[in-house]
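Structure at a glance
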Amino acid sequence: MTTNTRISLTILSLGFAIEGGAELYSFASRGSYRPGVNVLFVLPVAVTLAGLLFVWIGQHEWNALHRSRVRRAHLVFGLSLLGAVVAAAVVGLLLARPALGVPDWSRGLFGAAVGSLVLGTFVTYALLVFHLVPRPSKALLIASLAWALLVAGFVGGSMAANLPTVLHLVASRSFTVPSFLAPVDSLASYLFVSYFLLLAAYVDAHRTILAEPGPDPRPAAEAGRPGEVAEPGSPPS
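**A look at the environment of phenylalanine 192**
Within the secondary structure layout, phenylalanine 192 lies in helix α8 (residues 192-211). Taking relative accessible area as the criterion, phenylalanine 192 reaches 15% and is therefore assigned buried. Considering only alpha carbons, one finds phenylalanine 192 and alanine 148, 44 residues apart in sequence, at a separation of 9.4 Å. What phenylalanine 192 contacts, discounting residues up to four positions off in sequence, is Gly20, Glu23, Leu24 and Phe27.

**Some words on a nonpolar patch on the surface**
On the surface, Leu75, Leu79, Leu82 and Val85 cluster together into a nonpolar patch covering about 390 Å² of accessible area. Tracing the backbone shows leucine 79 in helix α3 (residues 64-96).

**Some points on the side chain of serine 13**
In this structure, serine 13 sits in helix α1 (residues 3-28). For serine 13, a relative accessible area of 10% corresponds to the buried category.

**With respect to the packing of aromatic side chains**
Counted according to the given criterion, the structure contains seven aromatic pairs. Where phenylalanine 27 meets tyrosine 190, the ring centres are 5.0 Å apart and the plane angle is 70°; that geometry is what we call edge-to-face. You can see phenylalanine 27 sitting in helix α1 and its partner tyrosine 190 sitting in the loop between α7 (181-188) and α8, a full 163 residues away along the chain. Judged by relative accessible area, phenylalanine 27 falls into the partly exposed class, the value being 35%. With 5.0 Å between their ring centres and 45° between their planes, phenylalanine 122 and tyrosine 195 make a pair best called tilted. Taken together, the residues span a long stretch of sequence, with phenylalanine 122 in helix α4 (residues 104-129) and tyrosine 195 in helix α8 at a distance of 73 residues. Note that lysine 138 overlies the ring of phenylalanine 130, its terminal NZ or CZ placed 5.2 Å from the centroid.

**Things to note about the pattern of salt bridges**
Per the stated rule, a full pass over the model turns up one salt bridge. One salt bridge in this structure joins aspartate 204 and arginine 207, with 3.7 Å as the shortest N-O distance. Note that aspartate 204 and arginine 207 are positioned in helix α8 at a spacing of three residues, about one turn of the helix. Using a relative accessible area of 14% as the deciding quantity, one classes aspartate 204 as buried. Here arginine 207 falls in the exposed class, since its relative accessible area comes to 55%.

What counts, and at which threshold
- Here, residues in each chain are numbered from 1, in the same order as that chain's written sequence.
- Totals for whole chains, interfaces and linings use every residue, but because this is a predicted model, local features are given only for residues with pLDDT of at least 70 and side-chain atom pairs only at 80 or more, for both listing and counting.
- The side-chain values count all of the structure's non-hydrogen atoms but skip hydrogen atoms and water molecules.
- Strands here mean DSSP runs of E at least two residues long; helices mean DSSP runs of H or I at least four residues long; both are numbered from the N terminus.
- Each residue gets one of three labels from its accessible area relative to the maximum for its type: buried under 20%, exposed over 50%, partly exposed in between, using a 1.4 Å probe on protein chains only.
- It only takes one pair of heavy atoms within 4.5 Å for two residues to be counted as in contact.
- Patch criteria: residues need more than 30% relative accessible area and no salt bridge. Like-charged residues are merged within 9 Å; nonpolar side chains of Val, Leu, Ile, Met, Phe, Trp and Tyr are merged within 5 Å.
- Computed by Shrake-Rupley with a 1.4 Å probe, the accessible areas treat only the displayed protein chains as cover when residues are assessed.
- Should a side-chain nitrogen of Lys or Arg be within 4 Å of a carboxyl oxygen of Asp or Glu, the pair is scored as a salt bridge.
- Two aromatic rings, drawn from Phe, Tyr or Trp (for Trp, its six-membered ring), form a pair once their centres lie within 6.5 Å of each other, and the interplanar angle then sorts them: stacked below 30 degrees, edge-to-face above 60, tilted otherwise.
- Charge-over-ring placement is defined geometrically: NZ (Lys) or CZ (Arg) within 6 Å of the ring centre, and within 35 degrees of the ring normal.

If you want it as structure tokens, here you go:
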């Protein structure tokens with residue numbers, strides 16, 4: 001396994017510890033500490049980008065299995081970022097066409113887009129290491145995704161219900177923190193469960209990588225193919 005992959009796993013693991021700790025503190029303090037939109041949206045995206053960057057840098061050193069898995073992770077992360085684009089497009093459309101009001105389809109689409117942005121990062125995290133860990137850690141990854149899906153659903157629903165407030169803030173170009181972010185932060189604080197489950201799985205992935213034997217230093221021509229049998233009459237290698 002490459003050094004870049006180890007760096008990527010370390011960056012992501014530190015991100016899980018920081019985000020999980022912040023959300024746990026917010027949960028335990030019953031809302032007296034609110035990480036805010038930075039931890040909910042910006043920090044996970046930034047940490048994921050940094051981790052994927054190091055994975056991409058070392059891609060020429062991977063085998064075919066790792067390359068196919070990471071391509072899927074990149075695709076899922078790109079689709080989750082598309083959720084932010086869709087949410088912004090819904091807001092832009094409703095502002096450009098005020099006669100539409102705030103129809104139910106716009107609330108549903110806006111909430112689903114925001115929820116996909118929250119959930120997509122967790123799916124990306126799971127895809128990156130799912131093939132590297134044993135079954136117990138695979139179960140942790142699946143449990144993390146299930147919990148994140150539940151929380152993302154509640155966060156998306158809360159954002160959808162407050163779409164009129166979002167439109168008003170954007171139209172008035174107000175930079176004040178909206179009051180509806182408080183309950184959204186409270187819902188997001190439950191993500192500490194998913195972050196710590198991911199952290200446990202990633203620690204196991206580190207162990208797996210460190211236990212892997214190093215590559216055969218001999219050239220491919222010398223090493224030969226596994227199970228290769230010399231042809232009759234050919235000199236021994």
